[in-house]
Amino acid sequence: MEKIKEYTFKHFEKIIVVSILLGIVLITYFTPYKMGFLNFFYLPIIAAGYFLGKRMAVLTAVSCILIVAFFLLLFPSSFFTAGTNKTYIIVSLAAWSSFLILTSAAIGYLYEEKEKKIKELRSAYMGILEILSKYLESADRYTQGHSVRVAHLSEDIARTMGLSPVEVENVRAAALLHDIGKIEISLDVLHKAAALTDEEKELMDSHSEKGARIISLVGGVLKEAVPIVSAHHKYFFETEKPPSENGTEHTRKEVPLGAAIIAVADAYDAMVTDRPYRAGMQPWQAFEEVEKGTGKQFHPGAVKAFKKVLSTQHKYRK
Ligand SMILES: [Fe+2]
């Protein structure tokens, strides 16, 4: 059931196009005078062009033409009714086919142009987020570049886990901003070399919520990053008491997957980076530490993907 749900979600647009096409094929099949319903075939073409691009739109148009040609061979009397001119019908069908192909190409082209513009906008806004995070970390040589490194690693983990391109982008945006809440914490606490007091620890821990509140003000494209930033220091599941009377049973509520991914990348980067009070660990030592927390602090799937990323991409082992 879960697999069907996942497949439906992944191929939702294709399913819509195929459903519309099947509906129209059925209507045409049961219609005695098929010439009158040919314009309905523009619907799957428009849907394919809008959702799937030029290639799929033209392919859908060719499929529609082949379906109509099949009906023409199977039920010629539904096209050439008594008293109609055969040449006229054939010319009409040829004109209809040409317009179908032209429409599919035009809508597909417009879709691809729109996608290109959106891609440019997205890469511009990710670039701005990257500049912002570099700027915020520029004052502290120990955290310089931390968010950008965490963002790259989180992106690779998310992609390895098979997340959709939009989800991967949300993870990357959240990773770039995961510590933005620290701008509301005093530098004395942030740079304190000695152990933090309980009050200071509480203040430090509040940076996740503070960060989530800051980016929630932006809304729009950063909306999906809010719950991820809010949970990036939580264990991969939270234990919640159900509203039962004895309160002995507990249910496990997992944190957003993006937060679980960033938690792994964040912990690894923090461990391999030098701190004022200790030198950075070796990558293999840091990996072992992360692995120890699998199933408790860290999401098993995220750690598995992280291991794969580390073993295939040398850039993280320096
Ligand atoms: Fe953090």
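Each remark here, short or long, concerns the structure printed above.
From a predicted model like this one, the values you see are computed outputs, not experimental measurements.

1. Section: the overall build of the protein
Thinking step 1. What the protein contains, in helices and strands, is 14 helices and two strands.
Thinking step 2. Expected size for 318 residues packed as a compact globule is a radius of gyration near 20 Å; at 28 Å, the protein overshoots this value by more than 25%.
Thinking step 3. For the protein, the C-alpha atoms occupy an extent of roughly 95 × 50 × 40 Å along the three principal directions.
Thinking step 4. Split into buried and exposed, the 318 residues of the protein put 37% on the buried side.
Thinking step 5. In the protein, of all internal contacts separated by at least 6 residues, the share reaching a separation of at least 24 is 64%.
Thinking step 6. Counting only carbon and sulfur atoms, one obtains 62% of the accessible surface of the protein, whose full area is about 19,100 Å².
Thinking step 7. On the protein, the mean spot of the 38 positive side-chain charges and the mean spot of the 35 negative ones are 9 Å from each other.

2. Some details on the coordination of the iron ion
Thinking step 1. Every protein donor of the iron ion is listed here as Asp 179 (OD), His 207 (NE2), His 232 (NE2) and His 233 (NE2), and their distances to the metal cover 2.0 to 2.3 Å.
Thinking step 2. In the primary sequence, the donor residues of the iron ion line up as D-x27-H-x24-H-H. Note that Asp 179 is positioned in the loop between helix H7 (165-176) and helix H8 (187-190) and His 232 in the loop between helix H11 (225-230) and strand E1 (237-240), a separation of 53 residues in sequence. This pair shows no difference in class: Asp 179 is buried, exactly as His 232 is.

3. Notes on the packing of helix H4 (residues 54-74) against helix H5 (residues 86-137)
Thinking step 1. Across the interface, H4 lies against H5 with an axial gap of 7 Å and an inter-helix angle of 160°. Classified by the angle between their axes, H4 and H5 sit roughly antiparallel to one another. Viewed along their axes, H4 and H5 form a crossing whose handedness is right-handed. Two secondary-structure elements touch here, H4 through Lys 54, Arg 55, Ala 57, Val 58, Ala 61, Val 62, Cys 64, Ile 65, Val 68 and Leu 72 and H5 through Leu 93, Trp 96, Ser 97, Leu 100, Ile 101, Ser 104, Ala 105, Gly 108, Tyr 109 and Glu 112.
Thinking step 2. For the contact of H4 with H5, the residue count by class is 14 nonpolar, three polar and three charged.

4. A word on the environment of Ser 92
Thinking step 1. One can find Ser 92 in helix H5.
Thinking step 2. For Ser 92, a relative accessible area of 23% translates into the label partly exposed.
Thinking step 3. It is 9.1 Å that separates the C-alpha atoms of Ser 92 and Met 35, two residues lying 57 residues apart in sequence.

5. Section: the packing of helix H3 (residues 42-52) against H4
Thinking step 1. It is the contact of H3 with H4, at a shortest axis distance of 7 Å, that shows an interaxial angle of 160°. With respect to each other, H3 and H4 are oriented roughly antiparallel. In the crossing of H3 with H4, the sense of the turn from one axis to the other is right-handed. Two secondary-structure elements touch here, H3 through Pro 44, Ile 45, Ala 48, Gly 49 and Leu 52 and H4 through Lys 54, Met 56, Ala 57, Thr 60, Ala 61 and Cys 64.
Thinking step 2. Residues that form the contact of H3 with H4 fall into these classes: eight nonpolar, two polar and one charged.

6. Quick notes on the environment of Ile 131
Thinking step 1. With respect to the secondary-structure elements, Ile 131 resides in helix H5.
Thinking step 2. Since its relative accessible area comes to 59%, Ile 131 is described here as exposed.

7. Thoughts on the packing of aromatic side chains
Thinking step 1. Within this structure, the stated rule accounts for 10 aromatic pairs.
Thinking step 2. Taken together, a centroid distance of 5.0 Å and an interplanar angle of 90° make the contact between Tyr 29 and Phe 30 edge-to-face.
Thinking step 3. In this structure Phe 30 comes out as exposed when scored by relative accessible area, which is 63%.
Thinking step 4. Here Phe 70 and Phe 71 contribute two aromatic rings whose centre-to-centre distance is 6.5 Å and whose plane-to-plane angle is 45°, an arrangement assigned as tilted.

8. Points about a negative patch on the surface
Thinking step 1. A contiguous patch of negative charge, built from Asp 198, Glu 199, Glu 202 and Asp 205, is present on the exposed surface.
Thinking step 2. Tracing the chain through its elements places Glu 202 in helix H9 (residues 198-205).
Thinking step 3. The exposure class of Glu 202 is exposed, given its relative accessible area of 62%.

Rules and cut-offs
- Residues numbered from 1 in each chain as written.
- Predicted model: local features only at pLDDT ≥ 70, side-chain atom pairs only at ≥ 80, totals over all residues.
- Heavy atoms only, no water.
- Helix = DSSP H or I, 4+ residues; strand = E, 2+ residues; numbered from the N terminus.
- Rg over C-alpha atoms; globule rule 2.2 N^0.38 Å.
- Buried < 20%, exposed > 50% of the residue type's maximum accessible area, 1.4 Å probe, protein only.
- Contact = heavy atoms within 4.5 Å.
- Areas by Shrake-Rupley, 256 points an atom, 1.4 Å probe, with all protein chains shown as cover.
- Lys, Arg positive; Asp, Glu negative; His and termini not counted.
- Charge placed at Lys NZ, Arg CZ, Asp CG, Glu CD.
- Donors = N, O, S within 2.8 Å, 3.2 Å for Na, K, Ca; no water.
- Axes fitted to C-alpha atoms, helices over the stretch in contact; angles between N-to-C directions.
- Parallel < 35°, antiparallel > 145°, perpendicular 65-115°, else oblique.
- Left-handed = near helix turned anticlockwise from the far one by under 90°.
- Nonpolar A, V, L, I, M, F, W, Y, C, P; charged D, E, K, R; others polar.
- Phe/Tyr/Trp six-rings, centres within 6.5 Å; stacked < 30°, edge-to-face > 60°.
- Patch = residues over 30% accessible without salt bridge, like charges linked within 9 Å, V, L, I, M, F, W, Y side chains within 5 Å.
- Salt bridge = Lys/Arg side-chain N within 4 Å of Asp/Glu carboxyl O.

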